[in-house]
Amino acid sequence: MLSDFQNFNKDRLNVDDMVALAAFGRILRAEYEAQKVDEPEFVDTQLKLLRREIASKVDDKRQARRKQIEAQLQSLKTPAERRAELEKEKAELEAAVS
Amino acid sequence: METGLTKNNILSQLSKSPHGKLVDYLAVGMTAAKQEPEFLAHLIAWDRINGQIRDAKVALPVITLAEPAFPPELRENSLAHLALLGPRELLRAFRFAGREAFGNASRMGTVRHLVRTWLREKENDRHWDRLALQHHKVLKELYSLAHARPEKDRINVVLYGRHLDKTRAPLPTGSVFEVVTHLKDMSPVGAASEIISRRIPFIVANGALGEKMKDPNVVLALIQQMSPTEVVTNTKMLEKLGVKTNPALRGAFEEALKKAASSKKNVLKTTRAAEAIDDEGLKEKLRGLQDRQLLSMGVEGNWLVLGDKSGSMARAIEIARRIAGTLAKMVKGRVWLVFFDTQPQTIDVSGAPLDAIQKATQYICANGGTSIGCGLQRMLETKEEIDGIAIVSDGGENSTPFFHHVYPQYAAFAGKEPTVYLYHCGNKSYAFTHLMQSAGIDMQVFDIDESVDFYSLPNLVSTMRTNRYSLCDEVMATKLLKLKDVFESVGKEAVAC
């Protein structure tokens, strides 16, 4: 686990793996503190890297879900709603042209 | 030492990928159908669940049906496994049966009847639209080869554009077939919403969308519809469509990879796809996926991989690396990779990825004599406990200590006899196999000729066991299928034909 924590490859891991490694890093940090031993530099570096990657992946996942929901909402629209949208777009275009 | 066509021989021969040349299975399959019919029947069932090579799933049931000596009571299992194939594979099986396996069109009645039953069954399936959407041409060809016609008017309209009374007809209004023809005229969000709500398969939408394929909304909808295999094989195309740069696409791709990790169907495709990708980030993602897939395949015990690095064995060095890399991911125990000429060079590769193994062994080059036994001798001296040994060599052992001398000493030390597998490659010599035979040491041989590529290796590795007979037991314990397990509406009429 220590070796995985020190040498992880952000592209190879998924969010679950990274969360597990970050949890390990926190335990490691706590143990250094409990033992009153200076924490090696890599602990902080790797934890920061992991947290940044987790946040980035979670953000990507949220954006993907938002887009999926938008597409699903579109499919739930009635023909009348779609007609109204098209009418509105047409009016905007006509206003722009004139 | 095993002679003739044993169960292990059958397993090793049929675990290799002929890359679409089903005829390569014919000789060994026919012999197996005669000599070990019950085992072959169970192997067909086992292979459906565990096998990675689609060609074997298509060819083996056909071969058993084509062999007159194959017992009639086992034929239903073969037919049931043919019936479980998808349309494309069923068509391949039919063609293989007609052109190569049966060698006589008049004997095709059973297969033709099975295809007719399969088509009827699909006509009544509520997922028929999805099937027809993806396999329109294949279904038409199956109807034609089976000398059959659809029973339902709607199906006739979708496939042939005509009613059953042969009058012309447009695609059913509001059907998914009609929507697909209009996809390219819709707005990107509209097209995306249709793809998601109607679950239009990636391969169909890909063909119907034209330039709209480049829109992120559409790409995202397509990623959602992709099967694990499609995700892996289309990674390169997805890269061009922005899966690396667009955050939403990146998120959807990550999710798709997560789903693919639990699929055992596409391990070999992942290997190939990873090799084809230029982008290092995506390559790593696919490698990570492959690690998870290999882990789920599982092989027990501690393993020793003995790689021959004697003169002209450059290919054996690379094969040994690949086997060690695959084992390192598959096994829960430890894996040692030992390169030998007359001296061993040992590396503990437990859990190491292939690229790390390649880096650690990059300066290994082929030269020197051959002592396969020196690698095992090293394990004996360091008192390492191993359960299985994979030897990658041309088998030209010519220096002491000989493997067949060290093996009994190791077995006495460990109190067990590790299973031995030989990946026989290069300019093959049979000195080693003869020595093992005369020493009475059982060894399974995988014949690695030029046609066996690195792509097939994980499949061979996954058949290795630490108990000599456990894979055969596993195969024999796999339940045979009956047609009623596969078809809802059919009893045994297809067999009776």
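Residues numbered from 1 in each chain as written. Chains lettered and ligands numbered in written order. Predicted model: local features only at pLDDT ≥ 70, side-chain atom pairs only at ≥ 80, totals over all residues. Heavy atoms only, no water.

Student: Can you help me understand the overall build of chain A in this one?
Tutor: Along chain A, the regular secondary structure elements total four helices and zero strands. Written out in order from the N terminus, the α and β elements of chain A read α-α-α-α. For chain A, the C-alpha radius of gyration of 24 Å lies well beyond 13 Å, the compact-globule estimate for 98 residues. Taking the principal axes of the C-alpha coordinates as reference, chain A spans close to 75 × 30 × 25 Å. In chain A, which comprises 98 residues, the proportion classed as buried is 24%. Long-range contacts, defined as pairs at least 24 residues apart, comprise 48% of the intrachain contacts of chain A with a sequence gap of at least 6. (Helix = DSSP H or I, 4+ residues; strand = E, 2+ residues; numbered from the N terminus. Rg over C-alpha atoms; globule rule 2.2 N^0.38 Å. Buried < 20%, exposed > 50% of the residue type's maximum accessible area, 1.4 Å probe, protein only. Contact = heavy atoms within 4.5 Å.)

Student: Hey, could you run me through the pattern of salt bridges in this one?
Tutor: Side-chain pairing between opposite charges can occur once the charged atoms of the two side chains come close. Residues and elements named next belong to chain B. Taken as a whole and assessed by the stated rule, the structure comprises 32 salt bridges over all chains. When the shortest N-O distance is used, the salt bridge between Asp-129 and Arg-154 registers 2.8 Å. With a gap of 25 residues between them, Asp-129 in helix 8 (residues 128-145) and Arg-154 in helix 9 (residues 153-160) connect regions that are remote in the sequence. Arg-198 is paired through a salt bridge with Glu-194; the nearest N and O atoms lie 3.0 Å apart. Judged by relative accessible area, Arg-198 falls into the partly exposed class, the value being 32%. Classification of Glu-194 as buried rests on a relative accessible area of 14%. (Salt bridge = Lys/Arg side-chain N within 4 Å of Asp/Glu carboxyl O.)

Student: How do you make sense of the nonpolar core when you look at a structure like this?
Tutor: One broad trend across soluble globular proteins is that nonpolar side chains are buried collectively. Residue and element names in this part refer to chain B. Leu-43, Phe-102, Trp-118, Trp-128, Ile-200 and Leu-209 are the most contacted members of the largest nonpolar core, which totals 110 residues. For Ile-200, the residues in contact, after removing those within four places along its chain, are Leu-133, Val-176, Val-179, Val-180, Leu-183, Glu-194, Ile-195, Ala-205 and Gln-225. Of all hydrophobic cores here, the second largest spans 33 residues; its members include Trp-303, Phe-339, Tyr-421 and Ile-448. (Core = buried A, V, L, I, M, F, W, Y, C linked by side-chain atoms within 4.5 Å.)

Student: Mind showing me how you'd approach the layout of surface pockets here?
Tutor: Space left empty within the atom packing is revealed by a probe, the size of a water molecule, rolled over the atoms. Its boundaries defined by the atoms lining it, the second largest pocket holds a volume of some 780 Å³. If you go around the second largest pocket, you meet 26 residues; those closest to its centre are Asp-4 and Leu-13 of chain A together with Asp-291, Lys-329 and Gly-351 of chain B. Where the lining of the second largest pocket is concerned, the elements lending two or more residues are helix 1 (2-7) and helix 2 (15-34) of chain A together with helix 18 (280-297), helix 19 (314-330) and helix 20 (354-360) of chain B. Ranked by residues supplied to the lining of the second largest pocket, first place goes to helix 18 of chain B with five residues. Of the residues contributing to the lining of the second largest pocket, the split by class is 10 nonpolar, seven polar and nine charged. (1 Å grid on protein atoms, 1.4 Å probe; cavity = no way out; pocket = protein on both sides within 12 Å on 5 of 7 lines; lining within 4 Å. Points joined across faces, edges and corners; volume = space filled by probe spheres on them. Nonpolar A, V, L, I, M, F, W, Y, C, P; charged D, E, K, R; others polar.)

Student: Could you clarify how one ought to interpret the environment of His-81 of chain B in this entry?
Tutor: Residue and element names in this part refer to chain B. Residue position: His-81 is located in helix 5 (residues 72-83). Take His-81: its relative accessible area is 4%, and that puts it in the buried class. When the C-alpha atoms of His-81 and Met-108 are compared, they prove to be 17 Å apart, with 27 residues separating the residues in sequence. Once you skip the residues sitting within four places of it in the chain, His-81 turns out to touch Ile-44, Ala-45, Arg-48, Pro-61 and Leu-481.

Student: Honestly, the state of the cysteines in this entry has me stumped. Any pointers?
Tutor: Disulfides are covalent bonds that link the sulfur atoms of two cysteine residues. Scanning the entire structure with this criterion turns up zero disulfides over all chains. Free cysteine Cys-365 of chain B: the closest other cysteine sulfur is in Cys-374 of chain B, separated by 16 Å. (Disulfide = S-S within 2.5 Å.)

Student: How should the confidence of the model for chain B be read in this particular structure?
Tutor: Note that predicted coordinates carrying low pLDDT should not be read in detail. Residues and elements named next belong to chain B. The pLDDT averaged across chain B works out to 85; a share of 92% of its residues lies at or above 70. In this model, residues 491-497 is a region of pLDDT below 50 whose contacts with residues beyond four sequence positions or in other chains number 16 contacts. Overall fold confidence (pTM) sits at 0.72, and the ipTM for the predicted complex is 0.74. (pLDDT = per-residue confidence, 0-100.)

Student: How do you make sense of the sheet that holds strand 5 (residues 419-424) of chain B when you look at a structure like this?
Tutor: Two orientations exist for strands paired in a sheet by backbone hydrogen bonds: parallel and antiparallel. All names here are of chain B. The strand order across the open sheet formed by six strands is 3-2-1-4-5-6, and the pairing between neighbours is mixed. Pairing within the sheet leaves two strands with one partner each, and these edge strands are strand 3 (344-348) and strand 6 (444-447). For this sheet the average axis-to-axis angle between neighbouring strands, irrespective of direction, equals 20°. By the bridge criterion, six bridges tie strand 1 (residues 303-308) to strand 2 (residues 335-340) in an arrangement that is parallel. Counterpart to Leu-304 in the pairing with strand 2 is Trp-336. (Pairing = 2+ DSSP bridges. Axes fitted to C-alpha atoms, helices over the stretch in contact; angles between N-to-C directions.)

Student: I would appreciate a short explanation of helix 5 of chain B in the present structure.
Tutor: Residues and elements named next belong to chain B. Taking 1.5 Å of rise per residue, 12 residues should cover 16 Å, and helix 5 covers 17 Å from first to last C-alpha, within 8% of that figure. Burial within helix 5 is extensive, with 10 of its 12 residues counted as buried. Turning to helix 5, its buried residues are Leu-74, Arg-75, Glu-76, Asn-77, Ser-78, Leu-79, Ala-80, His-81, Leu-82 and Ala-83. (Expected span 1.5 Å × (residues − 1).)

Student: Sorry if this is basic, but what is going on with the pairing of strand 2 of chain B here?
Tutor: Consecutive side chains along a regular strand alternate between the two faces of the sheet. Residue and element names in this part refer to chain B. Burial analysis of strand 2 places six of its six residues in the buried class, which makes it a mostly covered element. Burial along strand 2 is two-sided: the residues Val-335, Leu-337 and Phe-339 and Trp-336, Val-338 and Phe-340 are all buried. Between strand 1 and its parallel partner strand 2, the chain crosses via helix 19, and the hand of that crossover is right-handed. Between strand 2 and strand 3, which pair antiparallel and follow one another directly, the connecting turn spans three residues. (Right-handed = clockwise from strand over helix to strand, strands pointing away.)

Student: Sorry, what's going on with the packing of aromatic side chains here?
Tutor: Aromatic ring pairs are reported here in terms of the distance separating the ring centres and the angle at which the planes meet. All names here are of chain B. According to the stated counting rule, one finds nine aromatic pairs over all chains in the structure shown. Seen in terms of ring centroids, Phe-403 and Phe-432 are 5.8 Å apart; in terms of plane orientation they differ by 80°. Their pairing is edge-to-face. Placement of the pair is Phe-403 in helix 22 (residues 403-414) and Phe-432 in helix 23 (residues 431-439), with a sequence separation of 29 residues. Neither Phe-403 nor Phe-432 differs from the other in exposure class; each is buried. In this structure an aromatic cluster arises from ring pairing among Trp-303, Tyr-421, Tyr-423 and Phe-446. (Phe/Tyr/Trp six-rings, centres within 6.5 Å; stacked < 30°, edge-to-face > 60°.)

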